[in-house]
Amino acid sequence: MEIKIYNDIVFKWIFGRQSCTAPLIALLNAITSPAKKFSDVTILNPFDESEPFKNEKQGILDIRAKDDLSGEWVNLEVQVNPGFHYPPRSKFYLAGMYRDQLEKGKDALYSDLKACYGIHILVGTLFDKPEEEDFWFNHYAMLNTRTHKALVNHWHLYYIELEKYLRSLEKKAEARPLNELEEWTLFIGTIQDNAMPLDERINHNPMIREVYKMIETFTKNDHLREKYRVQEEFIRVQKTNEFMTEKMRQEIVRLGHEVEHFMAEQERITAENKAALLAQERERAEKEKERTEKERERTEKEAALLAQERERVEKERERAEKERERAEKEAFKKNSILQLRKKGFSDADIIFTLGVSDEDIRNLD
């Protein structure tokens with residue numbers, strides 16, 4: 001029977017029973033090494049094999065334990081699909097575990113606080129940046145940002161990404177021995193089947209071989225097998241729901257993008273229409289300005305022509321007036337000459353008396 005070690009039921013049955021803590025100690029030491037070596041642990045929430053299975057997720061199937069020698073605490077959890085909220089959630093659990101060391105109603109001191117280890121084995125990918133593809137194991141602690149010196153060195157968070165490790169392992173062309181953490185990661189991240197030989201890359205690890213044998217006991221237990229089936233069915237339904245939720249989210253995002261595109265297109269069309277209307281108005285105003293300018297020029301030309309005509313008429317009037325005055329003078333002169341002649345004046349006397357010229361006398365004749 002194929003078994004997923006990272007199934008909550010299998011994982012807690014293997015690593016969460018007080019009667020069999022050797023696999024847990026080996027796994028913890030592989031993860032925290034060389035910072036910590038666990039020796040003997042007390043599981044604070046051991047797996048209860050007699051508990052009837054439920055057709056639902058049975059709370060948070062983590063493993064909380066305490067090292068009997070050092071008094072340090074550890075929380076071990078396996079998660080199939082970590083979400084974006086997982087880092088703050090894991091920090092919250094770590095803080096809760098640290099706080100829980102000081103039991104209420106007891107005279108506990110802050111100096112009694114011990115280091116806490118939050119270990120999270122993730123099937124899916126949490127840190128999915130392309131540049132972090134090979135970084136499948138991450139250890140976080142509270143450090144000074146300048147010196148990187150630990151503050152008390154009490155808080156530790158570990159993240160192991162199984163799928164990322166398996167992808168990284170496939171990319172490496174060269175065959176090399178795996179360290180103990182890699183061996184456990186490969187074992188937990190790969191579907192196991194007792195009908196098939198254990199992977200030769202991890203077959204030399206005595207504790208992994210022991211756990212591999214334990215799987216046979218698990219698969220022969222009808223109660224555990226049914227719990228496993230129910231849990232797998234729950235995960236399958238959960239994945240389906242998450243898939244449908246993701247599809248709905250993508251569809252909503254797609255529709256949102258379409259709406260944004262439509263609104264942007266409408267805004268573009270509106271802006272273009274406004275620009276066209278503005279251009280038409282500008283063109284109309286320009287034409288009106290040109291028409292007004294031409295009308296002004298025409299009016300100025302007409303005014304200039306009128307002024308010229310007025311000037312011409314005035315000159316003509318002045319000329320006529322001068323001509324009239326001249327004619328009157330000539331008539332007066334002629335009449336005066338004729339009157340003096342009638343009185344017997346000689347031409348010489350007339351010229352002398354009237355101050356006229358000989359030509360004026362001759363013109364009269």
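Report follows, based on the coordinates. (Residues numbered from 1 in each chain as written. Predicted model: local features only at pLDDT ≥ 70, side-chain atom pairs only at ≥ 80, totals over all residues. Heavy atoms only, no water.)

To locate leftover empty space, one rolls a probe as large as a water molecule over the atoms. As a volume, the second largest pocket reaches approximately 220 Å³. Around the second largest pocket, the lining residues are Pro-87, Lys-91, Leu-94, Phe-127, Tyr-140, Ala-141, Met-142, Trp-155, His-156, Leu-157 and Tyr-159. For the lining of the second largest pocket, the elements supplying multiple residues, two or more each, are α3 (86-100), β6 (137-141) and β7 (155-161). Considered class by class, the residues forming the lining of the second largest pocket number nine nonpolar, one polar and one charged. (1 Å grid on protein atoms, 1.4 Å probe; cavity = no way out; pocket = protein on both sides within 12 Å on 5 of 7 lines; lining within 4 Å. Points joined across faces, edges and corners; volume = space filled by probe spheres on them. Helix = DSSP H or I, 4+ residues; strand = E, 2+ residues; numbered from the N terminus. Nonpolar A, V, L, I, M, F, W, Y, C, P; charged D, E, K, R; others polar.)

The next point concerns empty space enclosed by the protein. Applying the stated criterion across every chain, the model contains two cavities of 30 Å³ or more. In this structure, the largest cavity occupies an estimated 40 Å³ of space. In this structure, the largest cavity is lined by Leu-27, Ile-31, Ile-121, Ile-160, Leu-162, Leu-181, Trp-184, Thr-185 and Ile-188.

Judged by nonpolar contacts, the single largest core of 54 residues is most densely connected at Phe-15, Trp-184, Phe-187 and Ile-188. The contacts of Ile-188, once residues within four sequence positions are left out, are Ile-5, Tyr-6, Phe-11, Phe-15, Leu-27, Ile-121 and Leu-162. Ranked by size, the runner-up nonpolar core spans 12 residues in total, among them Trp-73, Leu-113, Leu-126 and Phe-127. (Core = buried A, V, L, I, M, F, W, Y, C linked by side-chain atoms within 4.5 Å. Buried < 20%, exposed > 50% of the residue type's maximum accessible area, 1.4 Å probe, protein only. Contact = heavy atoms within 4.5 Å.)

Read across the sheet, six strands follow the order β2-β3-β4-β5-β7-β6 without closing on themselves; strand pairing throughout is mixed. In this open sheet, the two edge strands, each paired with only one partner strand, are β2 (41-43) and β6. Neighbour-to-neighbour, the strand axes of the sheet open up by a mean angle of 20 degrees, direction not taken into account. Note: strand β4 (residues 73-79) against strand β5 (residues 116-122), seven bridges, orientation parallel. Paired with Trp-73 across the two strands is Cys-116, which belongs to β5. Helix α2 (residues 22-32) contacts β2, β3 (63-67), β4, β5, β6 and β7 of the sheet and is inclined by roughly 95 degrees relative to β5. (Pairing = 2+ DSSP bridges. Axes fitted to C-alpha atoms, helices over the stretch in contact; angles between N-to-C directions.)

Omega for the peptide link from Ser-33 to Pro-34 comes to 0 degrees, which places this bond in the cis form. Along the chain, Pro-34 falls in the loop between α2 and β2. Located in the positive-phi region is Val-152, a residue other than glycine, with phi close to 70 degrees. Mapped onto the secondary structure, Val-152 falls in the loop between β6 and β7. The exposure class of Val-152 is exposed, given its relative accessible area of 57%. Phi at Asn-153 is positive, roughly 60 degrees, even though this residue is not glycine. Note that Asn-153 resides in the loop between β6 and β7.

Take a nonpolar patch on the surface next. Together, Met-142, Leu-151 and Val-152 give the surface a local cluster of nonpolar side chains, amounting to about 300 Å² of exposed area. As for its position among the elements, Met-142 is in the loop between β6 and β7. (Patch = residues over 30% accessible without salt bridge, like charges linked within 9 Å, V, L, I, M, F, W, Y side chains within 5 Å. Areas by Shrake-Rupley, 256 points an atom, 1.4 Å probe, with all protein chains shown as cover. Salt bridge = Lys/Arg side-chain N within 4 Å of Asp/Glu carboxyl O.)

It is worth spelling out α2 at this point. Most of α2 is tucked away, with 10 of its 11 residues classed as buried. Every buried residue of α2 is listed here: Pro-23, Leu-24, Ile-25, Ala-26, Leu-27, Leu-28, Asn-29, Ala-30, Ile-31 and Thr-32.

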